[in-house]
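Commentary on secondary and tertiary structure
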Amino acid sequence: MSIFETYRNATPRSAELYRDASALFPGGVSHNLRRFFPHPVYPRAAAGARFTDVDGHTYLDLWMGHYALILGHAFPAVRAALAAALDGGWHWGMVAPAQVELARRICDAVPSMEELRICSTGTEATMYAVRLARGFTGRPVVLKAAGGWHGASSDLSFAVKSPFQGAEGPGLLTQREQGVDLISFNDPEATLRVVEAHRGKIAGIIVEPMIGAGGFLPADRAYLALLREVCDEQGAVLIFDEIITGFRFRYGTLADAYGVTPDLTALGKVVGGGLPIGVYGGRREIMEVANPALAAPPDRPVLVGGGTFSCNPLSLAGAIATLDGLKERGEALYTDLERRGAALRQGVEERFAAAGVPAVCTGKGSLFMTHLLKGEDRGIASPADIAVKTRAEIKDRELRVALLNHGVFAVHGGGSLSSEHGDSELVALLDAYAAAAVDLKGELKF
Ligand SMILES: Cc1ncc(COP(=O)(O)O)c(C=O)c1O
């Protein structure tokens, strides 16, 4: 039986739900990444490292809520904090005592964050960060990396997917109209050419210290240091999008591990412990341009921070419980995740090689992505390499479904480990990748 037939036979209830959803939502989904052929799997409940679907199968989860759940699904301390917060009402739309508690924790862990604001999504956080950069400098141009995903705001929805060019679709202005240009991740010379072309007009540069959706590709330290120098020299604002990387590899940011300090940082995902959150902040003098108390008419502050649900009691409670849970586990958690992640990346590559399917695993710490190669060249350091050297379409089609058939839910051929993915889960994951690689070899030409 083919990969897709096996999956269809095992998931009739998911298929039925998807048919219903397709009549009501474009593509049957509210987030494109959740849709895949022939139909998405519909979870019923999740706990720890696993979820159960509506057809009664249990899967090991690698997606972990878009990489948000570093302490696992239904983490007990977050559950308890939510239950306590619910008793007080879950939406006030007013300032909340807990916002100070959360802000103190974040600022302690991220020293470059002198002031911050809290919103409900990462998309808002990066959108406001680039607006602050423009407002602070009075300049129009924002540079972003080709292959970088910062959420779907109109400001930054350019060159996200292969072939990494231009607006992501109709309905968006052109890059030029939006004041955006692209830099090549990890390519200093090409980046400097773009910087030169906009000399004097650059408000800021936004980049992930490890490209996330674009391939889990860590930046070279020298590349980040170059961006820092460029921003200093041009008087531009350096923004690190750490929505995936923040609190993922250490209790703090990846930037601090690199020793390169941005002017602004965006956080989300892990920080919220599974509740909606976005955080943006950094140098006080930049953040203060948004202070409504300081702008006397006719001057106006930079407008950041709408959001009916910003700083809602549930997100604050979930975030505080998560950060405390991470702090309590300390370095040991991150060391364990690092060890398992490295073993997984190596083990997956070995299993694919054994099946005769050339593949490379990128990533760092508890994050990994599997790329199926077109040829012998295994050098994958940038989104451009992924576009040229890999068969990117297979990751979220055949590979996603083959892994589901063997009890694993992965996105882009990989995902993230949590504290609940222990050594026995690691063995089960590697067995599933081995079996999926054999299935791929049987069905596709490599
Ligand atoms: C690096 C990065 N920035 C921003 C976002 C947007 O965050 P959200 O989905 O919470 O709006 C994402 C989401 O995947 C992301 O990976």
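Residues numbered from 1 in each chain as written. Predicted model: local features only at pLDDT ≥ 70, side-chain atom pairs only at ≥ 80, totals over all residues. Heavy atoms only, no water.

Focus on the sheet that holds strand β12 (residues 278-282)
- Spatial strand order, β4-β12-β11-β10-β7-β5-β6: 7 strands in an open sheet with mixed pairing. Where the open sheet ends on each side, the last strands, each with one partner, are β4 (115-119) and β6 (180-183). In this sheet, neighbouring strand axes are inclined to one another by 20 degrees on average, regardless of whether the strands run parallel or antiparallel.
- With 5 bridges connecting them, β4 and β12 associate as antiparallel partners. Bridged to Arg117 within β12 is Tyr280.
- Each of β4, β5 (141-145), β6, β7 (202-207), β10 (237-241), β11 (264-268) and β12 is contacted by helix α6 (residues 122-137), which is oriented at about 175 degrees to β10, the strand it contacts most.
- On the sheet, helix α9 (residues 221-234) packs against β6, β7 and β10 and is oriented at approximately 165 degrees with respect to β7. (Pairing = 2+ DSSP bridges. Helix = DSSP H or I, 4+ residues; strand = E, 2+ residues; numbered from the N terminus. Axes fitted to C-alpha atoms, helices over the stretch in contact; angles between N-to-C directions. Contact = heavy atoms within 4.5 Å.)

Describing the pattern of salt bridges
- Applying the stated criterion across every chain yields a total of 21 salt bridges.
- Notably, a salt bridge pairs Glu196 with Arg199, separated by 2.8 Å at the nearest N-O pair.
- On the basis of relative accessibility, which here comes to 41%, the residue Arg199 falls in the partly exposed class.
- Asp263 serves as the salt-bridge partner of Arg283, at 2.8 Å between the closest nitrogen and oxygen. (Salt bridge = Lys/Arg side-chain N within 4 Å of Asp/Glu carboxyl O. Buried < 20%, exposed > 50% of the residue type's maximum accessible area, 1.4 Å probe, protein only.)

Remarks on the nonpolar core
- Ranked by size, the top nonpolar core spans 112 residues in total, and within it Leu102, Ile106, Ile205, Phe247, Val279, Leu326 and Phe352 carry the most contacts.
- For this core, the leading source of residues is helix α12 (residues 313-355), giving 15 residues.
- Taken domain by domain, the makeup of this core includes at least three residues from each of domain 1 (3-73 + 330-443) and domain 2 (92-311).
- Those residues in contact with Ile205, other than ones at most four positions away along the chain, are Leu143, Ile183, Leu227, Val230, Cys231, Val237, Leu238 and Ile239.
- One finds Ala129, Val130, Ala266 and Tyr280 within the second-largest nonpolar core, a separate group that totals 23 residues. (Core = buried A, V, L, I, M, F, W, Y, C linked by side-chain atoms within 4.5 Å. Domains from an automatic or database assignment.)

Some remarks on the domain arrangement of the protein
- Splitting the protein by domain gives domain 1 (3-73 + 330-443) and domain 2 (92-311).
- Of note, the centres of domain 1 and domain 2, computed from C-alpha atoms alone, are 28 Å apart.
- Taken together, the contact pairs 26 residues of domain 1 with 26 residues of domain 2.
- Three residues, Tyr334, Lys364 and Pro383, lead the burial of domain 1 against domain 2; their summed loss comes to 30% of the area buried on that side.
- If you look at where domain 1 meets domain 2, you find 0 salt bridges.
- At the junction of domain 1 and domain 2, the tally comes to 9 residue pairs in polar contact (both at pLDDT 80 or more). (Buried area = accessible area lost by both parts, 1.4 Å probe. Polar contact = N/O pair within 3.5 Å; in protein donor to acceptor, adjacent residues only side chain to side chain.)

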